[in-house]
Amino acid sequence: MAERELTVAIVGATGAVGSEVLRTLEERVFPVGEIRLFASARSAGERVEWGAGALRVEDLEDATFDGVEVAFFCAGGAVSAEYGPRAADAGAIVIDKSSHFRMHPDVPLVVPEVNADDLAERHLGIVASPNCTTIPIVVALKPIADAVGLERIVAASYQAVSGGGKRGIDALSRETIDLLNMRSPGGDERGSVFPRRIAFNCIPQVDAFLEDGSTKEEAKVVAETRRVLHLESLPIAVTCVRVPTFYGHTVALTVELAQPLDAADARRILREAPGVILCEMGDEMPYPTAADVGGTDAVYVGRVRNDPSHPRGLQLWVAADNVRKGAALNAVQIAEILARDL
Ligand SMILES: NC(=O)c1ccc[n+]([C@@H]2O[C@H](COP(=O)([O-])OP(=O)(O)OC[C@H]3O[C@@H](n4cnc5c(N)ncnc54)[C@H](OP(=O)(O)O)[C@@H]3O)[C@@H](O)[C@H]2O)c1
């Protein structure tokens, strides 16, 4: 970690991820000297608690990044595209939570437990953090891939509404209250956040559809998983489902391995894996659920078993807080590594 205190900016500081970045910096005692918070004109002027005092949110449109050393971008792809390079040009290291730069060849895409070495690559002053479903998948599968190799991944994700930001959280709250009060659930003034009602429902669509019938979210998980694991041609099939939980993404994984691996050996590997908490039958938490992982830092893995339909198959259930390890914590961990050289 840097020996001196750094000037830090959070763009999108009033959102689900940005506010968690602020909390995570404080909890992990990141060496923050000055901190600047940016959002749109909608929230400019709001005050946000920080330490014993409060910080004023600035309008990003009026932003200059002079003196900023580390800038977390948590305001969506369009904002990152426009303001990320400006912050980098002003000398900041940009850690981007949006998908905008994730596949850019000169922007490392990093999960510290998996490919921290990629931070040593040439980059444009911008480092990307993967999608909140990709992160738990790669943290859980990296040690298995290193031990016996991966030949194919089949995944189904069950994604919390906070993955859709603060409007997603509001939508589930509002729709649930409406339905319990025998009212029909309405959208907010900016239209519906999800393509169908989310309260008491599961929606097999996260983000927009692509021409091949998959969704953008599914395509992101496939491309990013390959990139972070350095397995560029790994066959991966994913179905992403939005479910009516507030925090915590869960993923059912079926993997085909290059060599057979007994489930007991897989559990032994996972017990030692960085960033992983293994849940086993007989434990207080025999398997993780979304409700268990909200507000926690680890990637939880449970239900580890051999796939009876394939001689080299393994099945796992993975869960992590999408806003924390899936977003804010991963970004702060990247900053902690980069800060050593500042
Ligand atoms: N939520 C997750 O689980 C998750 C996980 C991984 C990655 N991400 C990514 O992280 C980013 C933020 O997501 P989120 O869930 O935190 O969204 P969110 O709750 O909707 O928050 C968005 C933030 O961006 C700000 N913002 C929006 N448009 C802006 C503009 N034109 N100029 C300046 N600020 C603007 C908002 O400010 P106002 O208050 O002024 O509207 C708010 O602070 C997205 O790229 C998302 O894909 C999210």
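Numbering of residues starts from 1 in every chain and runs along the sequence as written. Given that the model is predicted, a residue must reach a pLDDT of at least 70 before its local features are reported, and side-chain atom pairs must reach 80 or more before they are shown or counted; all residues, however, enter totals for whole chains, interfaces and linings.

### Some thoughts on the overall build of the protein chain
Only DSSP runs of H or I covering at least 4 residues are called helices, and only runs of E covering at least 2 are called strands; the numbering of each starts at the N terminus. Across its full length, the protein chain carries nine helices and 13 strands. If one aligns the C-alpha atoms of the protein chain with their principal axes, the spans along those axes are about 60 × 55 × 45 Å. Within the span of the protein chain, comprising 342 residues, buried residues form 47% of the whole. Once C-beta atoms have been placed from the backbone, residue pairs whose C-beta atoms lie within 7 Å are recorded as contacts. Partitioning the intrachain contacts of the protein chain with sequence separation of at least 6 by distance along the chain shows that 67% fall at a separation of at least 24. With C-beta atoms placed from the backbone, the exposure class of a residue follows from how many other C-beta atoms lie within 10 Å of its own: 20 or more, buried; 12 or fewer, exposed; in between, partly exposed.

### Brief notes about the packing of helix α1 (residues 16-27) against helix α9 (residues 324-339)
Following both chains from N to C, one finds α1 and α9 inclined at 50°, their axes separated by 9 Å at the closest point. Of the possible angle classes, the one that applies to α1 and α9 is oblique. Where α1 crosses over α9, the two elements pack in a sense that is right-handed. In this structure, α1 uses Val-17, Glu-20, Val-21, Thr-24 and Leu-25 to contact α9, whose residues at the interface are Arg-324, Ala-327, Ala-328, Leu-329, Ala-331 and Val-332. Three categories are distinguished: nonpolar for Ala, Val, Leu, Ile, Met, Phe, Trp, Tyr, Cys and Pro, charged for Asp, Glu, Lys and Arg, and polar for the others, with Gly belonging to the last. Class assignment for the residues of the contact of α1 with α9 results in eight nonpolar, one polar and two charged. Working convention: axes come from line fits to C-alpha atoms, limited for helices to the stretch in contact. Angles between N-to-C directions cover 0 to 180 degrees. For classification purposes, angles smaller than 35 degrees are called roughly parallel, those larger than 145 roughly antiparallel, those between 65 and 115 roughly perpendicular, and all remaining angles oblique. Crossing chirality is assigned from the near helix's rotation relative to the far helix, an anticlockwise turn below a right angle marking it left-handed and a clockwise turn marking it right-handed.

### Notes on the domain arrangement of the protein chain
The domain limits used here are those given by an automatic or database domain assignment. As far as domains go, the protein chain holds domain 1 (6-129 + 327-339) and domain 2 (134-160 + 202-321). Using C-alpha coordinates to define each centre, domain 1 is positioned 27 Å away from domain 2. Taken together, the contact pairs 10 residues of domain 1 with 13 residues of domain 2. Counting only elements with at least two residues in the side of domain 1 that touches domain 2, the list comes to α3 (112-115) and α9. At three residues, α3 tops the list of elements feeding residues into the side of domain 1 that touches domain 2.

### Structural notes on the environment of Thr-134
Counting through the fold element by element, Thr-134 comes out in helix α4 (residues 134-148). The exposure class assigned to Thr-134 is buried, which follows from the 28 C-beta atoms found within 10 Å. Sequence separation between Thr-134 and Ala-223 is 89 residues; the distance between their C-alpha atoms is 9.3 Å. Residues within four places of Thr-134 in sequence aside, it is in contact with Val-221, Glu-224, Thr-225 and Val-228.

### Side note on the site of the ligand
Of all residues adjacent to the ligand, which total 29 residues, the nearest are Gly-12, Gly-15, Ser-40, Ala-75 and Gly-165. Of all the elements in the fold, those that place two or more residues in the shell around the ligand are α1, α2 (77-89), α5 (165-180) and α9. Partitioned by chemical class, the residues of the shell around the ligand number 11 nonpolar, 14 polar and four charged. In this analysis, residues qualify as near a molecule or strand once their C-beta atom, positioned from backbone atoms, comes within 6 Å of it.

### Notes on the nonpolar core
If you look at the biggest cluster of nonpolar residues, it comprises 102 residues, and the most contacted ones within it are Val-11, Ala-71 and Val-301. The dominant element in this core, judged by the number of residues it contributes, is α9, at eight residues. For this core, the domains that each give at least three residues are domain 1 (6-129 + 327-339) and domain 2 (134-160 + 202-321). In this structure, Val-11 is in contact with Phe-38, Leu-60, Ala-71, Phe-72, Phe-73, Cys-74, Ala-75, Val-79 and Tyr-83, ignoring residues within four places of it in sequence. We define the nonpolar core as any set of buried residues of the types Ala, Val, Leu, Ile, Met, Phe, Trp, Tyr and Cys, connected via C-beta atoms lying within 7 Å of each other.

### A short note on the pairing of strand β1 (residues 6-11)
Of all six residues in β1, five are buried, a share of seventy percent or more. DSSP calls a pair of strands paired once it identifies at least 2 bridges connecting them. Pairing analysis gives five bridges linking β1 to strand β2 (residues 32-39), with the strands arranged parallel. When the sheet's bridge partners are listed, Ile-10 is paired in β2 with Leu-37. Considered for its hand, the β-α-β crossover made up of β1, α1 and β2 is right-handed. Of the pairings in the sheet, the one linking β1 to strand β5 (residues 70-73) comprises four bridges and is parallel in character. Directly across from Val-11, in β5, lies its bridge partner Phe-73. By convention, orient the strands away from the viewer: a clockwise path from the first strand over the helix to the second makes the crossover right-handed.

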